[in-house]
Structure formats: C-alpha cells, structure tokens
Amino acid sequence: MRAWAIANQKGGVGKTTTSLCLARGLATTGHRVLLLDLDPHASLTRAFEVPSDPPPAGTHDLFNNSNSTLLELARYTQIPDLQLVAAQPALATLERRGASQPGLGLALGRALHGVRELYDYVLMDCPPTLGLLMVNALAAADRLVVPTQTDPLALHGLSDMLRTAEMVERSRRRPLPRHVLPTLFDRRTRSGVQSLDLLQDRYGDRVWPHAVPMDTRLRDAASLTRAEPPDGRGVDAYRRALKWLMTHEPDGNDVTHKREAA
Ligand SMILES: Nc1ncnc2c1ncn2[C@@H]1O[C@H](COP(=O)(O)OP(=O)(O)O)[C@@H](O)[C@H]1O
Ligand SMILES: [Mg+2]
C-alpha cells in the first residue's frame, strides 16, 4: 500500500478535485483505492452524495475511542475498486482538542497500518489548515502531492506547505517526498503563465511539467464520482498527471530537492 497526502495550506487550490481525479484514475487502472476525507468541510464526501443526516461514520471515528477500523468505516462508491471514508462535521472540533492529547498525532498512521494488505493506494484529502488532521496525514504519508493554483498568491501557500512538510519529515525521521501539481491554469492570463514558469523554475523536477487547465466540467465534482467515465481537458490532464506521478514514485525514482532555497 502507498499512502499519498493531497495537501496545501491554502483553500480552493484543487485539493479535493485532485484527490478525486487521481483516485478515480488509479481505481480504473486496476488498483484498489481508499479515499479519506479529512476536511471538516466534507466536499469530497458531498461529491459522493453521502447523506449527512445523521452524520455518517467516518474519519472522525479514528480519533475518538470507538476503536473503529478503516475497513469498518470504508464505504463502497459507484466506481469499482474505489472506497471512501467520509468526513464528519465533528472533525472541526478535533483541531482544538488535539494538541492536549498525546498520541493523537499518529492515529491515522496506526489505522493505515491495519489495511496495508487491503488497498494498493490510500489518498488523503487534507483540510487547508495546519492542524492535527494535516499533521496526521503528513506523518502517515509515503508521499505528499501539493496541488497549487497557478496564481502569484498561491505560490506563498506552496512555500508554507513545503516548510511544514520539512518540519514533519524531521520529526518522523523518514523522507517525505513531495511533488507539486499546478492546477486551475488559465493560459490566457499573464499571471497564470508567469506563475507556472516561476513554479518550474523554483522547484524544478518536483513539479509536474504541465498544468491542469481551468475546465468548467471539473466544477461538478459529483459527476466525477459516477460510474461512467467523465471527459474533458481537465480530466485528461489529471490522467497524464497520474501517469507522471506513478513514474516518479518515491521508492523507485526520487526527485532532487534542488532550488528549494530560491
Ligand atoms: N481545473 C479546474 N477547472 C475549473 N474548476 C476547478 C478546477 N479545479 C477545481 N475547480 C473548482 O474550484 C473549486 C475549488 O476546488 P477544490 O478541489 O474544492 O479545492 P480545495 O479542495 O483545495 O479547496 C471547486 O469549486 C472546484 O470544483
Ligand atoms: Mg477540499
């Protein structure tokens, strides 16, 4: 099993869309995939149309004393080989409680250990805040994928995220390879083109050398959770991005950390 954290400390950069498209791509190419919704806003859970009343069982149950396992919490989706653990609103309260409860930072890692043989990939859709949930995901991940909107402001969010990843890497004493996925790219705007150039210049091999374009068909997340394959430029781009990520699997072909300090 390989665990990928899809994270960025900035909201609205395409984390949930990326999690969904990559998970879907993995499941439809013969992998057993588990998606974890770790964001209290639950966009991913809503995209799968999981009823919210009463709140579903889900990722919050990994942090209370219910002794739930990921296998018990996983639900089937319309996409064969893709399962989901839903987000619950109670996740929002965790961030406040977390710091005072020792051991809670590793809860997710322990839960993942129990399903190592059952899934090929676990993708974690992270909240946009640096708190207990993100730290759990980064501590447990084999790699970090950072969707980054191709606009000048979003580049600040990226450097914050990479700094956080370094911090977690130091404390867990295991490399946390990271790759950047440029998203929401509008090639008609100067700032879009400049931001993409800057990303590639600054982070080199760690950036997917293309970008997911703006595509209104990606706006309808629910259409990405149905059995029939979605189409469009955005979905195609994610297909290519996934291929690239898989040929840059950290255990096979790690990338350099060049120009990080720039
Ligand atoms: N490539 C894209 N083209 C057009 N809209 C997009 C694209 N990627 C994401 N979106 C839309 O932008 C918004 C933010 O994306 P989302 O994946 O929810 O970001 P995050 O999870 O980082 O908050 C959503 O409404 C989503 O449907
Ligand atoms: Mg999201």
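Parameters and conventions
Residues numbered from 1 in each chain as written. Chains lettered and ligands numbered in written order. Predicted model: local features only at pLDDT ≥ 70, side-chain atom pairs only at ≥ 80, totals over all residues. Heavy atoms only, no water. Helix = DSSP H or I, 4+ residues; strand = E, 2+ residues; numbered from the N terminus. Phe/Tyr/Trp six-rings, centres within 6.5 Å; stacked < 30°, edge-to-face > 60°. Buried < 20%, exposed > 50% of the residue type's maximum accessible area, 1.4 Å probe, protein only. pLDDT = per-residue confidence, 0-100. Contact = heavy atoms within 4.5 Å. Near = heavy atom within 4 Å. Polar contact = N/O pair within 3.5 Å; in protein donor to acceptor, adjacent residues only side chain to side chain. Areas by Shrake-Rupley, 256 points an atom, 1.4 Å probe, with all protein chains shown as cover. Nonpolar A, V, L, I, M, F, W, Y, C, P; charged D, E, K, R; others polar.

Novice: Mind showing me how you'd approach unusual backbone geometry here?
Specialist: The bulk of non-glycine residues show a negative phi, and the bulk of peptide bonds are trans. Following Asp 53, the chain continues into Pro 54 via a peptide bond in cis, with omega recorded as 0°. Here Pro 54 lies in the loop between helix H2 (43-47) and helix H3 (70-73). Residue Asn 67 is not a glycine yet carries a positive backbone phi of 55°. Its place among the elements puts Asn 67 in the loop between H2 and H3.

Novice: Would you take a moment to explain the packing of aromatic side chains for this structure?
Specialist: Here the distance between the centres and the angle between the planes together describe a pair of aromatic rings. Evaluated as defined, the whole model comprises one aromatic pair. A centroid spacing of 5.2 Å and a plane angle of 75° characterise the contact between Trp 4 and Tyr 121, whose relative ring orientation is edge-to-face. Taken together, the positions of Trp 4 in strand S1 (residues 2-6) and Tyr 121 in strand S5 (residues 121-125) put the pair 117 residues apart, joining distant regions of the chain. When its relative accessible area of 0% is taken as the criterion, Trp 4 is described as buried. Using a relative accessible area of 4% as the deciding quantity, one classes Tyr 121 as buried.

Novice: How should the confidence of the model for the chain be read in this particular structure?
Specialist: In regions of low pLDDT, the predicted coordinates are not meant to be interpreted in detail. Looking at the chain as a whole, its pLDDT mean stands at 92, while 94% of the residues score no less than 70. Within the model, pLDDT remains below 50 along residues 253-262, and this stretch shows 26 contacts once partners closer than five positions in the same chain are excluded.

Novice: I'm lost on the site of ligand 1 in this one. Help?
Specialist: Around ligand 1, a shell composed of 14 residues is seen, among which Gly 12, Lys 15, Thr 16, Thr 17 and Asp 215 lie nearest. A distance of 2.9 Å is found between a nitrogen atom of ligand 1 and a backbone nitrogen or oxygen belonging to Pro 213. Arg 219 is positioned with one of its backbone polar atoms (N or O) 3.4 Å from an oxygen atom of ligand 1. With the chains in place, 80% of the 560 Å² that ligand 1 exposes on its own is no longer accessible. For the shell around ligand 1, the residue count by class is six nonpolar, five polar and three charged.

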